[in-house]
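The chain contents come next:
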Amino acid sequence: MRNLIFGVVVALVAGFAFANAISTASNSTVRSKITIMAPAAPGGGWDGFARTAQQTLRGDSIVANAQVVNVPGASGTIGLSQCVQMEGHADYLMVTGGVMVGGIAVSKPDETLADVTPIARVADDYAAIVVPADSEIQDLDDFIEAWKADPTGFSFAGGSLGSIEHLVTAMLAGEVGINPADVNYIAYSGGGDALSAMLSHTTTAGASGYNEVAAQVEAGELRLIAISAPEPVEGVDAPTLVEAGYNVEMTNWRGFVAPPGITDEEQQELVDIVTEMRDSPEWQEALVRNSWTDTFLTGPEFEEFIDQQQQEVNAIVEELGL
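Report follows, based on the coordinates. (Residues numbered from 1 in each chain as written. Predicted model: local features only at pLDDT ≥ 70, side-chain atom pairs only at ≥ 80, totals over all residues. Heavy atoms only, no water.)

## Regarding the packing of helix 6 (residues 164–176) against helix 11 (residues 299–320)
Two elements in contact, helix 6 and helix 11, have axes separated by 11 Å at closest approach and are oriented at 50 degrees. Of the possible angle classes, the one that applies to helix 6 and helix 11 is oblique. Taken as a pair, helix 6 and helix 11 cross one another with a handedness that is left-handed. Across the interface between the two elements, Leu167, Ala170 and Met171 of helix 6 pack against Val313, Ile316, Val317 and Leu320 of helix 11. When grouped by side-chain class, the residues that make up the contact of helix 6 with helix 11 number seven nonpolar, no polar and no charged. (Axes fitted to C-alpha atoms, helices over the stretch in contact; angles between N-to-C directions. Helix = DSSP H or I, 4+ residues; strand = E, 2+ residues; numbered from the N terminus. Parallel < 35°, antiparallel > 145°, perpendicular 65-115°, else oblique. Left-handed = near helix turned anticlockwise from the far one by under 90°. Contact = heavy atoms within 4.5 Å. Nonpolar A, V, L, I, M, F, W, Y, C, P; charged D, E, K, R; others polar.)

## Observations regarding the environment of Gly177
Structurally, the position occupied by Gly177 is in the loop between helix 6 and strand 6 (184–187). Gly177 sits 81 residues away from Ala258 along the chain, and the two C-alpha atoms are 41 Å apart.

## Some remarks on the side chain of Thr117
Its location among the elements puts Thr117 in strand 4 (residues 117–132). Engagement of the side chain of Thr117 in a polar contact is seen with the backbone oxygen of Pro259, the distance being 2.8 Å. Thr117 has contacts with Val257, Ala258, Pro259, Pro260, Gly261, Ile262 and Gln267, leaving out every residue within four places of it along the chain. (Polar contact = N/O pair within 3.5 Å; in protein donor to acceptor, adjacent residues only side chain to side chain.)

Have a look at this one:
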């Protein structure tokens, strides 16, 4: 009799456990597991942004598990194509931003940001122009003089074609009387490769997101010449291009989109997750640490922002002949 009662109890417990597991599975959300795709090689701005998000989402228990995958190439448009192919996957976020907008304008791929689901604009960065610390170029005046003396021989290391760095160098060329088409811009798919080119004197100069070169500037390995911020940045010892009299300002926004074909409820869940991340103390510390500007934006306003910026960048690319 005891064995019979024990067997019944075990069966009941197992049954309840099984029913609970089914209920949990049916009510599960993307908070159990999420993949963040950085559409660039390791070591660059998008990769750093994705991994900072991963750490914050895990550290603050916003999601149970978050992983980062890298899909480099063509200013993020290869990653964009893959994101579009992930239609209906609500557990997938892709990092995007101004670099991808530029890549779309230059390479004109089949897919655009209108083909994915907008989630949030999160933060802005800006481009920094640097030279090796032992370069004879000491400041922006020296930089412009050396560049104008040999426009095609003066080489830049930077992100992919159409990136913020590429657009800034092309715009500055136009401002100083150099044909933007003559700029010797060497594109790298990852910030790590571009940084190596700068440090090894493979190129004369480099353009990169400030936080990607800040450590080397502080260590005395690179010299900061100018930044593309619209106004002076506290703690950054370099003039803005606007301050120096050049009509060149551009920030690199970064944010998230999801694949197409997800439901409104799933989109809102992703917006809620990113909002919680942005509001967390860990993320606020990351903003300060990386010199990012908080420019959080969601909903229809974010969609409108993407559309407007794509139109603006398309016009810049056309004007510069890129």
